[in-house]
Amino acid sequence: MKSVEQIELAASRASWLEEKHAQYQKKKRRWRARVTGVRGSLLVLFFVLWEAGARLGWLDELLFSYPTKVFRQIWNDMVSGSLWPHLGMTVGETVVGFVLGTLLGTLLAIVIWWSPFLSAVLDPYMVVFNSMPKVALGPIFIVMFGAGFTAIVVTTLSITVIITTLVVYNSFCSVDPNLVKVAKSFGASRVQVFSKVILPASFPTVVSTLKVNVGMSWVGVIVGEFLVAKTGLGYLIIYGFQVFNFTLVMSSLLIIAAVATAMYQLVVYVEKLILSRR
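Read on for an overview of the structure. These numbers were taken from a predicted model, which means no experiment stands behind them. (Residues numbered from 1 in each chain as written. Predicted model: local features only at pLDDT ≥ 70, side-chain atom pairs only at ≥ 80, totals over all residues. Heavy atoms only, no water.)

1. Some points on the side chain of threonine 247
Its location among the elements puts threonine 247 in helix H11 (residues 246–276). According to the relative accessible area criterion, threonine 247 is buried, its value standing at 7%. With sequence-adjacent residues up to four places away left out, threonine 247 is seen in contact with Ser65, Lys69, Val70 and Gln73. (Helix = DSSP H or I, 4+ residues; strand = E, 2+ residues; numbered from the N terminus. Buried < 20%, exposed > 50% of the residue type's maximum accessible area, 1.4 Å probe, protein only. Contact = heavy atoms within 4.5 Å.)

2. What to know about the packing of aromatic side chains
Counted under the stated rule, the structure contains 10 aromatic pairs. With 5.4 Å between their ring centres and 85° between their planes, phenylalanine 172 and phenylalanine 194 make a pair best called edge-to-face. Here phenylalanine 172, found in helix H7 (residues 149–173), pairs with phenylalanine 194, found in helix H9 (residues 190–227); they are 22 residues apart in sequence, far enough to count as distant. Within the aromatic cluster, the residues linked to one another by ring pairs are Phe46, Phe47, Trp50 and Phe71. Here arginine 55 stacks its cationic end above the ring of tyrosine 66, 4.2 Å away from the centre of that ring. The aromatic ring of tryptophan 114 is capped on one face by arginine 190, whose charged end is 5.6 Å from the ring centroid. (Phe/Tyr/Trp six-rings, centres within 6.5 Å; stacked < 30°, edge-to-face > 60°. Lys NZ or Arg CZ within 6 Å of the ring centre and 35° of its normal.)

3. Remarks on the environment of isoleucine 162
Its place among the elements puts isoleucine 162 in helix H7. Note: C-alpha distance between isoleucine 162 and leucine 87 (75 residues apart in sequence) is 27 Å. When near neighbours in sequence (up to four residues on either side) are disregarded, isoleucine 162 contacts Met126, Phe129 and Asn130.

4. As for the nonpolar core
Side chains of nonpolar character tend, in soluble globular proteins, to be buried together. Counting 23 residues, the largest nonpolar core has Phe98, Val214, Trp218, Leu233, Ile255 and Ile256 as the members making the most contacts within it. Elements that contribute at least two residues to this core include exactly helix H1 (4–55), helix H3 (67–80), helix H4 (83–114), H9, helix H10 (233–242) and H11. Looking at this core, the element that brings in the most residues is H11, giving eight residues. The residues touching valine 214, leaving out its near neighbours within four places in the chain, are Phe98, Ala260, Met263, Tyr264 and Val267. (Core = buried A, V, L, I, M, F, W, Y, C linked by side-chain atoms within 4.5 Å.)

5. Some points on a positive patch on the surface
On the surface, Lys26, Lys27, Arg29, Arg30 and Arg34 cluster together to form a positively charged patch. Following the sequence through the fold, lysine 27 ends up in helix H1. (Patch = residues over 30% accessible without salt bridge, like charges linked within 9 Å, V, L, I, M, F, W, Y side chains within 5 Å. Areas by Shrake-Rupley, 256 points an atom, 1.4 Å probe, with all protein chains shown as cover. Salt bridge = Lys/Arg side-chain N within 4 Å of Asp/Glu carboxyl O. Lys, Arg positive; Asp, Glu negative; His and termini not counted. Charge placed at Lys NZ, Arg CZ, Asp CG, Glu CD.)

6. So, the packing of helix H8 (residues 177–185) against H9
The interhelical angle for the contact between H8 and H9, taken along N-to-C directions, is 145°, at an axis separation of 10 Å. Relative to H9, H8 is oriented so that their crossing is right-handed. Only Val193, Val197 and Ile198 of H9 make contact with H8, whose side of the interface consists of Leu179, Val180, Ala183 and Lys184. Looking at the contact of H8 with H9, its residues break down into six nonpolar, no polar and one charged. (Axes fitted to C-alpha atoms, helices over the stretch in contact; angles between N-to-C directions. Left-handed = near helix turned anticlockwise from the far one by under 90°. Nonpolar A, V, L, I, M, F, W, Y, C, P; charged D, E, K, R; others polar.)

7. A short note on unusual backbone geometry
Phi at serine 65 takes a positive value of approximately 55°, unusual for a residue other than glycine. With respect to the element layout, serine 65 can be found in the loop between helix H2 (61–64) and H3. Exposure remark for serine 65: the relative accessible area of 1% places this residue in the buried category. One non-glycine residue, phenylalanine 244, adopts positive backbone phi at about 60°. Within the element layout of this structure, phenylalanine 244 appears in the loop between H10 and H11.

8. Remarks on a nonpolar patch on the surface
On the surface, a nonpolar cluster with roughly 470 Å² of combined accessible area is contributed by Met89, Val96, Leu100, Leu104, Leu107 and Phe149. Tallying contributions element by element places H4 first for the nonpolar patch, with five residues. As for its placement among the helices and strands, leucine 107 is situated in helix H4.

9. Side note on the packing of helix H6 (residues 134–145) against H7
Helix-helix packing is described using two parameters, namely the angle between the two axes and the distance between the axes. At a minimum axis distance of 9 Å, the contact between H6 and H7 shows a crossing angle of 140°. Crossing handedness for the pair H6 and H7: right-handed. Two secondary-structure elements touch here, H6 through Lys134, Gly138, Phe141, Ile142 and Phe145 and H7 through Thr150, Ala151, Val154, Thr155, Ser158 and Ile159. Grouping the constituent residues of the contact of H6 with H7 by class yields six nonpolar, four polar and one charged.

10. Here we look at H9
Look at H9: only 45 Å from first C-alpha to last across 38 residues, short of the 56 Å you get at 1.5 Å a residue. The largest bend in H9 amounts to roughly 55° and is located at phenylalanine 203, with the proline proline 204 lying one to four residues further along. (Expected span 1.5 Å × (residues − 1). Bend = angle between axes of the 7 residues up to and from the residue.)

Next comes the structure, spelled out in structure tokens:
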């Protein structure tokens, strides 16, 4: 049986650990609060300088507009209901391109890893295709799939799939070969090597690729809407330039930034949730 001294020592250690953990959590909360405060201050400072610069003539008001006018434009479009069809179309295209790009890119990376011969054959083609300007491919997709939702999604996939494939495949190849040798020495099949060694070791990279694809999906959708769309935030930007309504252009850009940020934060939350449950 434990003596009284041992029980008291164990209780003292537990109390000390709880105290240190509480201090760590408090310090972490303070650090997060400082980061959030600085972020918010920089954002407010940006809008203040933008407003002051346009009002005082430091910036061209016709070209850059100013925040109060831009927010008034956003509010009026929200109230009138004219914003929602454009926002819904762009967000829908982005979500579809993001999901399909991530899934197809990851599956293609698995196929290439599975076949070294296929990897050797396709590697230069993937590099060349990734370096091609996707705007140049847009007209081809429009002719192939028609001027609409499908052409825009395919334009997005032309950006996200190859990047996802390259990142995930390189992650597969970067796994410690000693781990693979140990698994094979125990008689593991190729399926078991992938499921028990390669994929778990690459899982953080695969999940992190989601964050990269958020930005790439928005780029692909906006490029596609520039070329073909009659509805969407990209269309509003092009229309604003055509009629010299740069307030509409800036408001569309701010909406894109806000929605993309929200989407990115959602992916970060999902990443933390998945990694915490591994």
